[in-house]
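What follows is each chain in one-letter form.
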Amino acid sequence: MAQAYDWIDQALRTVHRANWHRTVQRLDGKAGPTMTYQGRQVLNFASNDYLGLAGDPRLSEAAIAAIQTYGTGSTGSRLLSGHRLLHEELEQAIAQWKGVADAIVFSSGYLANMGTISALVNARDLILSDQYNHSSLLNGAKLSGATIQSYRHADSDDLKTQLVNARSRYRRCLIITDSIFSMDGDICPLPDILELADQFDCMVLVDEAHGTGVLGATGSGAVEHLGCRNHPLIQMGTLSKALGSLGGYVAGSASLIDFLRNRAPSWIYTTGLTPAAAAAALAAIRIVQSEPERRDRLWQNVHHLKTALQDLLHHRSQSVLKKLLPSESPILCLEVADAAIVMQLGQHLKQAGCFVSAVRPPTVPVSRLRLTVMATHEQAHIHHLIHTLDQTMRLNG
Ligand SMILES: *Cc1c(COP(=O)(O)O)cnc(C)c1O
């Protein structure tokens, strides 16, 4: 009976043998710098809620008001019955913030990448993709049917070599890259990429999932931070990280957005963003724009933690923690020798009250502890994390 499904258990055994098995870990309580894990309070250094907005009462109030006005669901796809004033307001707010003509919101950032990339290129085209790009960029690229070539991480020389060798064989070319790399925290060489795009007649899609709300004078992202706002560009991002809600967006020219409304299946054939999610994201954008001090606090915390981690590594150079990966974001990663050790460290730290992510292959090439900083972390939280890391390293050699 049901022999057709036996392979699933075999596949799971293989996952276990490789030390790759993952399970969910439940955090209780409201999203914030401290949460509850297994009945105890922990410091949360694993969240993408960089500005601490997911637990902000103003977002909750906006979401509740939207539910009271519109109900819980948007009841249909945007092109049929699921389009509301809130969607319009949100899309306009995103476009204005980014300094572009228009924007479109998807149900998630993942769907935004899948739908956008597959709409822009097909089998006659070429995609050049940073080696460390997020899964949603890669799967969008695969779905498109275009030829995919990956270039070495953040290496515009390698990108250029590939353009020289391959560009002329294809009709359109799309370069795709994270702005801030989600598992490393470093930033892409966007000015160089845009120059190459001009030279070789390429489109560029930049994924601002970790840049939105965090980087740039108005917090609009790495594109602003790197002075690239005036360049033709496809800016994608998420409402689910610093904006504390759920959903994704693409911002760009009026014709790009109009084209996506007609050609992106993951937008056309899915239900519109819920009123609550749209209202929370809109409230978050207003807060990001009117409270730059939140961003200042975030960066103060980043510098504080970074310096403390460097000191710690300096004083414990013989430990299992190898080094701090280069970062220009609130994502700070400590390289660890192997997958078994990183899992053990992660477990110790959680038990000692610091909730951090242990990340290992196949998600990343080299195992690491991934720490994310929030604007709402207090100095004492960071001190406690450093102290706990120090203690844990004593135990683990
Ligand atoms: C999180 C993330 C996404 C997906 O966004 P969701 O809104 O969570 O679906 C896309 N790209 C990158 C780089 C991300 O980190």
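1. Some remarks on the sheet that holds strand β11 (residues 331-336)
And step 1. An order of β10-β11-β14-β13 is seen for the four strands of this open sheet, with the pairing classed as antiparallel. Edge positions in the sheet fall to β10 (321-324) and β13 (357-359), since each has one partner strand and no second. Strand after strand, the sheet turns through a mean of 30 degrees between neighbouring axes, direction not considered.
And step 2. Note: β11 against strand β14 (residues 368-372), five bridges, orientation antiparallel. Counted as the bridge partner of Cys333 is Arg370 from β14.

2. Some details on the domain arrangement of the chain
By a frequent convention, interface size equals the accessible area lost on bringing the separate parts together.
And step 1. On domain assignment, one finds that the chain holds domain 1 (23-52 + 292-395) and domain 2 (57-290).
And step 2. Domain 1 and domain 2 are separated by 27 Å when their C-alpha centres are compared.
And step 3. Contacts between domain 1 and domain 2 engage 24 residues on the former and 25 residues on the latter.
And step 4. Contact between domain 1 and domain 2 buries roughly 1800 Å² in total, counting both sides, with carbon and sulfur atoms accounting for 56%.
And step 5. Considering only the side of domain 1, the residues that lose the most area to domain 2 are Leu51, Arg295 and Glu328, jointly responsible for 29% of the buried surface there.
And step 6. Where domain 1 touches domain 2, the interface holds one salt bridge.
And step 7. For the salt bridge of Arg368 with Asp184, the shortest nitrogen-to-oxygen distance reads 3.1 Å.

3. Overview of the layout of surface pockets
And step 1. Reported here for the largest pocket is a volume of approximately 1400 Å³.
And step 2. Along the walls of the largest pocket sit 44 residues, with Arg22, Met183, Ser357, Val359 and Arg370 positioned nearest its centre.
And step 3. For the lining of the largest pocket, the secondary-structure elements that each account for two or more residues are α13 (339-351) and β13.
And step 4. It is α13 that contributes the most residues to the lining of the largest pocket, four residues altogether.
And step 5. Of the residues assigned to the lining of the largest pocket, the class counts are 17 nonpolar, 20 polar and seven charged.
And step 6. Taken together, domain 1 (23-52 + 292-395) and domain 2 (57-290) each give at least three residues to the lining of the largest pocket, which thus spans both.

4. So, the pairing of strand β3 (residues 102-106)
Side-chain direction in a regular strand flips from residue to residue, so the side chains alternate between the two faces of the sheet.
And step 1. Of all the five residues making up β3, five are buried; the element is thus mostly covered by neighbouring parts of the structure.
And step 2. Residues Asp102, Ile104 and Phe106 line one face of β3 and the alternating positions Ala103 and Val105 line the opposite face, and both faces are buried.
And step 3. Sheet topology note: the β3/strand β9 (residues 248-252) ladder contains five bridges and is antiparallel. Bridge pairing in β9 places Val105 opposite Tyr249.

5. A word on helix α1 (residues 6-17)
Given 3.6 residues to a turn, an α-helix orients residues that are three or four positions apart in the same direction.
And step 1. Taking 1.5 Å per residue as the helical rise, α1 with its 12 residues ought to reach 16 Å, and the 17 Å between its terminal C-alpha atoms agrees with that figure.
And step 2. A positive backbone phi angle near 65 degrees is found at Asn19, which sits one or two residues after α1.

6. A short note on unusual backbone geometry
And step 1. Cis geometry is adopted by the peptide bond preceding Pro362, which originates at Pro361 and carries an omega value of 5 degrees.
And step 2. Here Pro362 shows up in the loop between β13 and β14.
And step 3. For Gln38, which is not a glycine, the phi torsion comes out positive at approximately 50 degrees.
And step 4. One non-glycine residue, Ala154, adopts positive backbone phi at about 55 degrees.
And step 5. Of note, Ala154 is situated in the loop between β5 (147-151) and α6 (156-166).

7. Observations regarding the sheet that holds β5
And step 1. The seven strands are arranged β3-β9-β8-β7-β6-β4-β5 in an open sheet whose pairing can be described as mixed. The sheet is open, and its two edges are formed by β3 and β5, each paired on a single side. On average, each strand axis in the sheet is inclined to that of its neighbour by 20 degrees, with strand direction left out of account.
And step 2. Examined bridge by bridge, strand β4 (residues 126-130) and β5 share five bridges and lie parallel to one another. Bridge pairing links Ser129 to Ser150 in β5.

8. Concerning the pattern of salt bridges
And step 1. Within this structure, the stated rule accounts for 15 salt bridges.
And step 2. For Arg261, the salt bridge goes to Asp102, with nearest N and O atoms at 3.5 Å. With Arg261 in helix α9 (residues 254-263) and Asp102 in strand β3, this pair connects stretches of sequence that are 159 residues apart.
And step 3. Residue classification places Asp102 among the buried residues on the basis of a relative accessible area of 18%.
And step 4. A salt bridge links Asp125 to Arg171, with the shortest nitrogen-to-oxygen separation between them at 2.9 Å.

9. A look at a nonpolar patch on the surface
And step 1. On the surface, a nonpolar cluster with roughly 450 Å² of combined accessible area is contributed by Tyr5, Trp7, Ile8 and Leu12.
And step 2. Mapped onto the fold, Tyr5 is located in the segment before α1.
And step 3. Look at Tyr5 and you get exposed, because its relative accessible area is 56%.

Rules behind the numbers
- Residues numbered from 1 in each chain as written.
- Predicted model: local features only at pLDDT ≥ 70, side-chain atom pairs only at ≥ 80, totals over all residues.
- Heavy atoms only, no water.
- Pairing = 2+ DSSP bridges.
- Helix = DSSP H or I, 4+ residues; strand = E, 2+ residues; numbered from the N terminus.
- Axes fitted to C-alpha atoms, helices over the stretch in contact; angles between N-to-C directions.
- Domains from an automatic or database assignment.
- Contact = heavy atoms within 4.5 Å.
- Buried area = accessible area lost by both parts, 1.4 Å probe.
- Salt bridge = Lys/Arg side-chain N within 4 Å of Asp/Glu carboxyl O.
- 1 Å grid on protein atoms, 1.4 Å probe; cavity = no way out; pocket = protein on both sides within 12 Å on 5 of 7 lines; lining within 4 Å.
- Points joined across faces, edges and corners; volume = space filled by probe spheres on them.
- Nonpolar A, V, L, I, M, F, W, Y, C, P; charged D, E, K, R; others polar.
- Buried < 20%, exposed > 50% of the residue type's maximum accessible area, 1.4 Å probe, protein only.
- Expected span 1.5 Å × (residues − 1).
- Patch = residues over 30% accessible without salt bridge, like charges linked within 9 Å, V, L, I, M, F, W, Y side chains within 5 Å.
- Areas by Shrake-Rupley, 256 points an atom, 1.4 Å probe, with all protein chains shown as cover.

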